[in-house]
Amino acid sequence: MSTDQLRGKVVMITRASAGIGRAAARAFASHGAKIGLLARGRDGLEAAKQEVEEAGGKGLVLVADVADAQAVETAAERLEDEFGHIDIWVNDAMVSVFSPVSEMKPEEFRRVTEVTYLGYVWGTLAALKRMRPRNRGVIIQVGSALAYRGIPLQSAYCASKFAMRGFCDSLRAELFHDKKKIRVCIVEMPAVNTPQFGWVKSRLKNKAQPVPPIFQSEVAAQAIVFAATHNRREMYVGFPTVKAIVANKIAPGLLDKILARTCYESQQTDEPEDPSRPDNLFEPLPGDHGAHGTFDDRARKFSLQLWLEEHRDLVRGAAIGAAAIAGLYLVSKPKRKL
């Protein structure tokens, strides 16, 4: 499928009200898709719908908490009743807590797991219920480098991303066994400038931030649209994601010590946090929070690694061609007489 073929396709996006989901909704809309906009906060969803329709798509507001499996199923029914068969499902909903493990509460671990892991499961089940009889469809899971390498102060979020990756491995094997033409792709993200760092529950001394380098939400959205239209099992976005995953495979013990030394400071700004500020762990915050957080001045709008990933056949061909030319040059180079 090319991006030209997205016109008229039906796409469900969870957490479409803000951050990566919001940017992805705009990106799909720019290709003429019809989009189910699912999240808890109506203010953000209504604003997202307006942006979708301004970009050339159609939007349907679906207020639901992805931790509620029946609510997700009901939202899927409404989307198909309104726009037709769901072609692409994007799971992006998440919540997190910035806190040492020793200070986490059971209800916080439970809530992060119910949204950031089980929310993906419930979304995937709703998608499969519709895609399996038709034997077609694409499920995109918005992942993270933290699905491979856990970091301090985000234990619940990292654990949920690890769990999601294992769930998808099992699912893919089952789909192959059943000869189903349904694709499942995880897009592993770097640090992204989303509003979550201003509303996440936090016990940090200073305000939370993405671990630099930081990318704009539109870079993430570009990768999601590409994954939806190309046959990829998994995509890494940004060189920091590649470095984190590869380094953890090579020397995880060394990374434990490096992260212990550097990752507390790198996840915090110099501004003190207000311990009494509201957060969105259990309830959405009112208002429209948009696709970007407060780090626009530091966020990158382009990823060379993503460009290379998108054009890997061209890059591979160029590399083979360069190697062939170099080989011919070495073979034909006159030999010096001794």
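Residues numbered from 1 in each chain as written. Predicted model: local features only at pLDDT ≥ 70, side-chain atom pairs only at ≥ 80, totals over all residues. Heavy atoms only, no water.

1. Side note on the packing of helix α1 (residues 19-29) against helix α2 (residues 42-54)
1) Next: Relative to each other, α1 and α2 sit at 25 degrees, their axes nearing to 9 Å. Between α1 and α2, the angle is such that the two are roughly parallel. Helix-helix and strand crossings are classified by hand; for α1 and α2 the assignment is right-handed. Where α1 approaches α2, its residues R22, A25, R26 and A29 are matched on the opposing element by G44, A47, A48, E51 and V52. (Axes fitted to C-alpha atoms, helices over the stretch in contact; angles between N-to-C directions. Helix = DSSP H or I, 4+ residues; strand = E, 2+ residues; numbered from the N terminus. Parallel < 35°, antiparallel > 145°, perpendicular 65-115°, else oblique. Left-handed = near helix turned anticlockwise from the far one by under 90°. Contact = heavy atoms within 4.5 Å.)

2. A word on the environment of G57
1) Next: If you trace the backbone, G57 turns up in the loop between α2 and β3 (58-63).
2) Next: As for G57 and A33, which are separated by 24 residues in sequence, their C-alpha atoms are 5.2 Å apart.

3. A closer look at the nonpolar core
1) Next: F28 and I140 are the most contacted members of the largest nonpolar core, which has 80 residues in total.
2) Next: Apart from residues lying up to four places away in sequence, I140 is in contact with I88, W89, V90, N91, C185, V187, I224, A227 and A228.
3) Next: Counting residues in each nonpolar core, the second largest holds nine residues, with V200, L204, A208 and I214 among its members. (Core = buried A, V, L, I, M, F, W, Y, C linked by side-chain atoms within 4.5 Å. Buried < 20%, exposed > 50% of the residue type's maximum accessible area, 1.4 Å probe, protein only.)

4. Considering unusual backbone geometry
1) Next: In this structure, the amide linkage connecting P212 to the following residue, P213, adopts the cis form with an omega of 0 degrees.
2) Next: Counting through the fold element by element, P213 comes out in the loop between β10 (206-208) and β11 (214-215).
3) Next: Within the chain, N135 stands out as a residue other than glycine whose phi angle is a positive 60 degrees.
4) Next: Mapped onto the secondary structure, N135 falls in the loop between α4 (106-134) and β6 (137-144).

5. Quick word on a nonpolar patch on the surface
1) Next: A contiguous nonpolar patch, built from F239, F302, L304, W307, L308, L314 and V315 and spanning about 630 Å² of accessible area, is present on the exposed surface.
2) Next: Put simply, the parts of the chain that give the nonpolar patch at least two residues each are α10 (304-310) and α11 (312-332).
3) Next: Looking at the element boundaries, L304 is found in helix α10. (Patch = residues over 30% accessible without salt bridge, like charges linked within 9 Å, V, L, I, M, F, W, Y side chains within 5 Å. Areas by Shrake-Rupley, 256 points an atom, 1.4 Å probe, with all protein chains shown as cover. Salt bridge = Lys/Arg side-chain N within 4 Å of Asp/Glu carboxyl O.)

6. Things to note about the packing of α1 against helix α7 (residues 217-229)
1) Next: Packing of α1 against α7 brings their axes to within 8 Å, and their N-to-C directions diverge by 55 degrees. Viewed along their axes, α1 and α7 adopt a mutual orientation that is oblique. Helix-helix and strand crossings are classified by hand; for α1 and α7 the assignment is right-handed. Contacts from G19, I20, A23, A24, R26, A27 and F28 in α1 reach S217, E218, A220, A221, I224, V225 and A228 in α7.

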